[in-house]
Every structure is written in structure tokens, then in C-alpha cells.
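The chain contents come next:
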Amino acid sequence: MVKEYLEKTRDEFLDTKCNLSEKLVSAENHYAFVLVSGGGTNLQALIDAQKNGLISNGTITCVISSKENVYALERAKQNQIATRVIPRKEYPDVATYTK
């Protein structure tokens, strides 16, 4: 389910954001979805690296968490990055959740 969501979201993002500059939709740029489960210190490091130009050919476009109310989602919102919660408990097992 997560894999299907990521593929669908990527396709929808590209379809709806085609009015971005050519550079953003070129093969040189990559879109990153970051999976989080807590405070988001690794996410913050990625955000800082992106802002400082250390990640020059990629953009964090979405932060996905299995839990609501984790601080990582707040970090994403503070940086105008889309967020999504896909609760693990809504699926019967891990295998179904990760499809």
C-alpha cells in the first residue's frame, strides 16, 4: 500500500506540477519522499542540506509518517513540504502495509 501510494503520489505530483520550471521536471532533478517515525532529526539534516545547496539535484516533496503528531511532520510543514500519514494499524499486517 505504501509503495502504491508513493507511485500514485509521484505521478499526481508530476501531472499537477508540470507548470514548474523545466529544470525541476528534467531528468537532472529527483523528487524525494522521506519516511519518518519520530522527531525528524534526519529529516532536518536533509532539509538543511537542501537549503545549503549540498543537495543540488533533488527536492524533498513529501514527508510520510506511520504515526500522527510526530514532530517530523511539523518540521516538514514549517518548510512548506507536503505531509501524509499512512497509519500502520489500518492494515492487517506489515506485508500488506508495505506493498
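Here is a short report on the structure shown in this document.

Conventions adopted
Residues numbered from 1 in each chain as written. Predicted model: local features only at pLDDT ≥ 70, side-chain atom pairs only at ≥ 80, totals over all residues. Heavy atoms only, no water. Helix = DSSP H or I, 4+ residues; strand = E, 2+ residues; numbered from the N terminus. Buried < 20%, exposed > 50% of the residue type's maximum accessible area, 1.4 Å probe, protein only. Pairing = 2+ DSSP bridges. Axes fitted to C-alpha atoms, helices over the stretch in contact; angles between N-to-C directions. Contact = heavy atoms within 4.5 Å.

Phi is positive for Asn69, which is not a glycine, with a value near 60°. Inspection of the secondary structure puts Asn69 in the loop between strand 2 (58-65) and helix 4 (71-78). The exposure class assigned to Asn69 is exposed, which follows from its relative accessible area of 78%.

Strand pairing in a sheet is mediated by backbone hydrogen bonds. Such pairs are either parallel or antiparallel. Strand order in this open sheet of 3 strands is 1-2-3, and the pairing throughout is parallel. One side of each edge strand has no neighbouring strand; the edge strands of this open sheet are strand 1 (30-36) and strand 3 (82-85). When the angles between neighbouring strand axes are averaged without regard to direction, this sheet yields 25°. As defined by bridge partners, strand 1 adjoins strand 2 across 7 bridges and the pair is classed as parallel. Bridge pairing in strand 2 links Val36 to Ser65. In the packing of helix 3 (residues 41-51) onto the sheet, the strands contacted are strand 1 and strand 2, and the crossing angle to strand 2 comes to about 160°.

The values are spatial; any link to function lies outside them.
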